[in-house]
There are 2 protein chains.
Amino acid sequence: MTANKWVYSFGNGAADGEGSMKNLLGGKGAGLAEMSRLGLPVPPGFTITTEVCTHYYANAQTYPADLKPAVETAVAAIGKTVGAGFGDAKNPLLVSVRSGARVSMPGMMDTVLNLGLNTATTEGLAKLTGDARFAYDSYRRFIHMYSDVVLGVDHAGFEAIMDDARDTKGVELDTELDAEDLKIIAEQFKARVQEELGRPFPEDVNEQLWGAVGAVFGSWNSHRAITYRKLNNFPEEWGTAVTVQAMVFGNRGETSATGVAFTRDPATGEKIFYGEFLINAQGEDVVAGIRTPQPISKAVRERQGGRRPSMEEAMPQAYAELKAIGDRLEAHHRDMQDVEFTVQEGKLYMLQARAGKRTAEAALRIAIDMEKEGLIDRDTALLRVDPAALDQLLHPTLDPDAPRTQIAAGLGASPGAATGEAVFTAEEAEKIAAEGRAVILVRTETSPEDIHGMHAAKGILTARGGMTSHAAVVARGMGRPCVSGAGMMKIDVTKGEMFVGSTTVKRGDIITIDGAAGLVFLGAVKMRQPELTGDFATLMEWADVARRLKVRANADTETDAATARKFGAEGIGLCRTEHMFFEPDRILAVRQMILAEEKEAREAALAKLLPMQCGDFEAIFAAMAGYPVTIRLLDPPLHEFLPQKEEEIAEVAAAAGTSPAKLRARAIALHEANPMLGHRGCRLGITYPEIYEMQARAIFEAALAVAARGVKLAPVEIMIPLVGFKSELDFLKSRIDAVAVGIRGCPAYSVGTMIELPRAALRAGEIAVTAEFFSFGTNDLTQTTLGVSRDDAAGFLGEYVGKGLIPRDPFVSIDQDGVGELIRIASERGRMTRKNLKLGICGEHGGDPASIKFCHDSGLDYVSCSPFRVPVARLAAAQAALRK
Amino acid sequence: MTANKWVYSFGNGAADGEGSMKNLLGGKGAGLAEMSRLGLPVPPGFTITTEVCTHYYANAQTYPADLKPAVETAVAAIGKTVGAGFGDAKNPLLVSVRSGARVSMPGMMDTVLNLGLNTATTEGLAKLTGDARFAYDSYRRFIHMYSDVVLGVDHAGFEAIMDDARDTKGVELDTELDAEDLKIIAEQFKARVQEELGRPFPEDVNEQLWGAVGAVFGSWNSHRAITYRKLNNFPEEWGTAVTVQAMVFGNRGETSATGVAFTRDPATGEKIFYGEFLINAQGEDVVAGIRTPQPISKAVRERQGGRRPSMEEAMPQAYAELKAIGDRLEAHHRDMQDVEFTVQEGKLYMLQARAGKRTAEAALRIAIDMEKEGLIDRDTALLRVDPAALDQLLHPTLDPDAPRTQIAAGLGASPGAATGEAVFTAEEAEKIAAEGRAVILVRTETSPEDIHGMHAAKGILTARGGMTSHAAVVARGMGRPCVSGAGMMKIDVTKGEMFVGSTTVKRGDIITIDGAAGLVFLGAVKMRQPELTGDFATLMEWADVARRLKVRANADTETDAATARKFGAEGIGLCRTEHMFFEPDRILAVRQMILAEEKEAREAALAKLLPMQCGDFEAIFAAMAGYPVTIRLLDPPLHEFLPQKEEEIAEVAAAAGTSPAKLRARAIALHEANPMLGHRGCRLGITYPEIYEMQARAIFEAALAVAARGVKLAPVEIMIPLVGFKSELDFLKSRIDAVAVGIRGCPAYSVGTMIELPRAALRAGEIAVTAEFFSFGTNDLTQTTLGVSRDDAAGFLGEYVGKGLIPRDPFVSIDQDGVGELIRIASERGRMTRKNLKLGICGEHGGDPASIKFCHDSGLDYVSCSPFRVPVARLAAAQAALRK
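Let me begin by describing the structure that accompanies this report.

Thresholds applied
Residues numbered from 1 in each chain as written. Chains lettered and ligands numbered in written order. Predicted model: local features only at pLDDT ≥ 70, side-chain atom pairs only at ≥ 80, totals over all residues. Heavy atoms only, no water. Contact = heavy atoms within 4.5 Å. Buried area = accessible area lost by both parts, 1.4 Å probe. Salt bridge = Lys/Arg side-chain N within 4 Å of Asp/Glu carboxyl O. Pairing = 2+ DSSP bridges. Helix = DSSP H or I, 4+ residues; strand = E, 2+ residues; numbered from the N terminus. Axes fitted to C-alpha atoms, helices over the stretch in contact; angles between N-to-C directions. Buried < 20%, exposed > 50% of the residue type's maximum accessible area, 1.4 Å probe, protein only. Core = buried A, V, L, I, M, F, W, Y, C linked by side-chain atoms within 4.5 Å.

## Here we look at the interface of chain A and chain B
Here is step 1 of the chain: Taken together, the contact between chain A and chain B spans 44 residues of the former and 44 residues of the latter.
Here is step 2 of the chain: When the buried area of chain A at its contact with chain B is split by residue, Asn 674, Leu 677 and Leu 805 of chain A rank highest and sum to 15% of it.
Here is step 3 of the chain: Summed over the shared surface of chain A and chain B, the result is six salt bridges.
Here is step 4 of the chain: Where Arg 829 of chain A meets Glu 821 of chain B, a salt bridge forms, and the shortest distance between an N and an O atom there is 2.5 Å.

## A short note on the sheet that holds strand S19 (residues 489-492) of chain B
All names here are of chain B.
Here is step 1 of the chain: Spatially, the three strands line up as an open sheet ordered S19-S20-S21, and their pairing is antiparallel. Unpaired on one side and paired on the other, S19 and strand S21 (503-506) mark the two borders of the sheet. Ignoring which end each strand starts from, the neighbouring axes of this sheet average 20 degrees apart.

## Notes on the sheet that holds strand S10 (residues 337-344) of chain A
Residue and element names in this part refer to chain A.
Here is step 1 of the chain: The strand order across the open sheet built from five strands is S9-S8-S7-S10-S11, with neighbouring strands paired in antiparallel fashion. If you trace the sheet from one side to the other, it starts and ends with strand S9 (294-295) and strand S11 (347-355), each paired once.
Here is step 2 of the chain: Direction of pairing for strand S7 (residues 257-262) relative to S10: antiparallel, over a ladder of six bridges. The partner of Ala 261 across the bridge, within S10, is Val 339.

## Some remarks on the environment of Gln 188 of chain B
Residues and elements named next belong to chain B.
Here is step 1 of the chain: Here Gln 188 is to be found in helix H7 (residues 179-197).
Here is step 2 of the chain: Overall, the relative accessible area of 37% leaves Gln 188 in the partly exposed class.
Here is step 3 of the chain: Separated by 548 residues in sequence, Gln 188 and Ile 736 have C-alpha atoms that sit 86 Å apart.

## Notes on the nonpolar core
Nonpolar side chains in soluble globular proteins tend to end up buried together.
Here is step 1 of the chain: Within the largest apolar cluster, 301 residues are counted, with the highest numbers of intra-cluster contacts made by Phe 621 and Ile 720 of chain A together with Phe 621 and Ile 720 of chain B.
Here is step 2 of the chain: Ignoring sequence-local partners within four residues, the contact set of Ile 720 of chain B consists of Leu 633, Cys 682, Tyr 692, Leu 729, Leu 732, Ile 736, Val 751, Gly 752, Thr 753 and Met 754 of chain B.

What follows is the structure in structure tokens.
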């Protein structure tokens, strides 16, 4: 084995690593290295690489042999830079130990501050700083944090000790405790550890250090981290780095502070220096949401109507330096920066810099603005917006004119509006959401343990915490509307109630939140559709230039078609005709048709349906004037149309002039053991050709009628579902052609097929002799290729993802190895036969960015998705083209 | 277009064609050409090739332009040879027009005799022969046959005229009608045609000829012919030839006769000159079964106890010549011959020679005998026996010691015994058989219209007709037991009854037939398993030498395993374990296991099942000592094990100590929309690993126990069902390996997987990293590849075959284009990863000869089928190897 470099030092205007080395050093380590190279004020430190993490898990949780000396050297180098010694009782070096994966995983990984303190060094620190309170406050914080994170001691015990101490002294705040109190508390903490673990809290600073490093690596496989990776599709193999850095202290009094800043507003994207800080606090206090921080800039403070001074006002010099650094970093990285900083006794230190997380709205605005500012080009701008997140912008906001009853206000932490039942625990949120009901998760503050509940909720509301609190950050990442820091709310989790002034909201009561304005309302408030203009329209315009894939929509009604057009769909890729059969005024005729045992009776019933279907198609053709419409002929098993309840059966029997017994018998006869693999799709068309003939006639007549009104029409595309054999398509196409021959001046049309069975994919070469286009029905193709019924998958697919057997639900993102290979085979063989065969996809995967990339790479002509996903698909298609 | 030769003449010791040209001239035409070349007495004639048939259907039912002159020339040549003129009133040439495809399709194609007769030529013939009765009898027969076959006039009208004529004259037999009667009848027949069609019966002999030729080509696409082709998997493209031949007459009096002969007994294979003839009759009389013919040889007559003279006795000279020709033809063709002949006034004419149809028993005996006689080699002998037909020999015969009540006797027309409900129409047979009930089709005589009923019946019983009657020939071809010519039966189709002496058998009464002995019994008679010795054993021995594919059996019990070994299975390819769970003494524990909501409770229930499963496996391992056994772990959805009826639920609830409501709720929770694609197979093993762990433990402990008794064991093969992802197999194999590690002295084993999902086939390369063998589960693979549920396919697959959309039921014979490609892909990719990967098939296709050929060609190592199909598979595997 060649000697690996496991440890990368930084500080003092230099660094072993650099900003591009995120995969090796993690986002945090790379950012610090880069800042150090730029000569920014970074406390010195070093990063243990992600390769050590990989080695750690590959080798039964052990380290490479040569890691230890490298760390020792690096620690010594920090000491030399800051002029202190690790474990030196006279002049102790304190360090922080933090995790850092290649992407930020907020709240997921554990951090230890003030490491290096023990009985001796704490006393030394007190002497050295002349601030015993600071020294013992730091020590008790360290013991608490280290015990919790590294030693796994329940933190409730420590809180009880703190409570006792405050009670004994008769004070309310920790800041009212003095050095002696804190020293006693530290001793009590250590006694608690001894009691809990049967061994003492480590006094040896090196033992402390290696314990913390191990805890960081260990936390990579914590349940929370695994959940987060799963939600975000990050592979386990990435691993985390560990960054060890000299401590600086924001809690050294009123000239000290700590905070976070964004070079632009992460919620709106506005070009304003944005952030929050807390005076006399350590960094964790800001993120944890325990105290509500102040804005850093005066403008923001004024806008929010805050009374306490902003950093710009309280620490003008440090603020000016911070702002300049922020500007420099943004220009350097050509992206919005999220920085963490500490001011120690007036001096600014940079602790982290990374591309800032942002809402979809902000991502959009920043991308467009930066392009206009000349910072980035259009392709880069397009790649800066996550298509999946774009979905947020397409969701409703509150109708400004709608009546409402406001009950609380907080921070607009994540935009969008949501209505749902108030619930007060993550478990409740998950449970009720699983029943298909909308919930708003209401918490005093959120913690990583709440993530599953936040995921299940339509919106999140917290009583405490700022714009960068856990709730706010996670909600923005998930695209959930969030109001944070609505401090007037009192929540009683046990009773399942919250009180806001005189209002009581009980579990299950409907509330509405406006995550942009930070407002909370009682009951439901009318929503408004999003405006698709401005930056959004600009981005879509650019995307349309960049992409090669066409984007169509799945739309079955005139309304769907209109929405699809509004979102920029370039046609309908899937117009299902079965929904049309369910309309109340038709279902009778449909049922008569199904009940008919003779062809003649069936034809009579179909004759009644013909003008109705014709009307459906006319409306859709008119809405899509000039754009292609692919109409799929009847697909589902006939029994789906039959009445199920006894009273329905009686009603239909009376209307259809048959006996309930006969109707019931027919329903039983049509029942299937596995309807998904049963008598459906083109199989219906083959056993009852008159159904498809009626549909073909309705299509042609509708097209003629619309054309007669002067509307320009693209040639109609008639799509035959569930074809497995060329002979099926031949049989049906010849019947459709025969209908066309019988219609005077029949409009242009083509006949194609869904490719949704493995056999169809394999035999695509011969099927393409007849089929004029293919549309991949990836829902069914996934079901058959994987042998998994979507209706029944809930029983095991979740567990599959949970156990890591499959990376993602294959019904959400296409199984590229299995289903994908069949798509590639079918495309290749189909085009071998028919060079210009049009290829599209119309399963639900058509709106999934990863699947869209796959479709682009596989040479498909278009994707078709639900109307609301069309913009997502347009952007994803552009990104696919740019990344090809 | 180059000039094709459309017409091949023969006769007079020469021929344009020869015996090898069956594809072009049809079996009949080629046989006649070959006999002509051999100098045998063949009436001259010519054959219009099958290419004309192809041209006919490809060109809107028209003939090639140059066909007509070629036919005219050929007709003239016949006339020159026999010294007569076509349409010559003084000396008329009469011809027969027959169809002839490359294989014999008995009863399927139409024939016209005596063509060339009209008012003038009949009178000329009467004068020329001095036999007016013969001339007018021939004429009325010609009008009747031609009107029926060519003109499509219902023959009932002609029969009514015949009835009237007999009544008027007060006679019973047609032979009692004289020339004048027949002349009047001929005129009445023509009048009937005029009435029916509105145009006269054709007097022009050329119009007659072309009409007949057209009718032959038209009959190629008759419903009957299509049905027969479908039953026998003959492609439509083959087409039929038309043979036109000078007439000879077996109805010229007592020195004339017609008959058929086989060079060996087609029922038993015995080397005896076998056949039947009728004096003073035309060929159709024999085949139609209207008169019961006599044996041709004295030995057979004596054996059958017949009183009327054999041909050997009645016409010794013609018989001797016929026998010599038969011997010569058999030696020439090295196969048993079936010849048709006519004796006209003492002179023998050969009308047809072909390889004779035979029962499986006869095919076996003839193949073995001919090899011993040195006529053919072993490979040829192996290829002479149809593996599918071999099945007949493996079916039960009547137990000679069983009590029985004989009610009738006839001819043993097709061997084997069958018991079922008596039904009297083909429609009834089909209907009742579709309900899963066994039926015996009882008819006075059968006709091609009855084929679907014969196919549906377990056995066929007729009151009229000989060994070569329609019923006998078709039954042998289908492998159905048949008793023909049981003349004592009177059948009343309308009432649905038959009378035999004093016994009345009503529709639905159970009867049994012995198709070897020709006996009919009332009620069911005990059956006996076939003996697998003698010729059968010899053939199997040869097959085992010739084949490369191993043959295993699908066996779940000790009894199945013993049967499998008896039939020569070389292991078990599929031992399903779910049946074991249904045993009455286990189902309680099984249900407790399913009902358990906690792992611990499930494990407790599984602990009860462990010793039982262990016992199952011990018995199977002992039965298969030394041969490999592949055990498939639990496969079906859990809900299949749950009680369905309320009383069952109550019972189980009481025993399991739970409430019926809870049990019902659990059953509902486990219910699936598409269980075939649901929570089953390895998915159960992943959600409930303890089930598979128990099964693995049972397998290992059973193997150890059996080995401890000194039984040699092949390494056990543990098979994981329904794998789609390598990760599934990894997850489960590691658990099985962990069980093995925990067992002291654990026996050798391998872990493999079913390939039964398209995804598994596509990802075979990576799955083979873990899997040590593959077994293609072609039932499921067919379901998923085609998207067809076997349980629901009845609703449309029959129609698919009926409409010609698919050639065969893909659950019977493997869909080589679709499913087959996946098998080839999986084999190739699997072996790329693991060079010696063992490959087998264990779907029901493993017993289908065409599928076995496919498996051989695809390089599989073995097929596994039901125990009774093992000999079929051994022979099919040998033939596959020989045909490769």
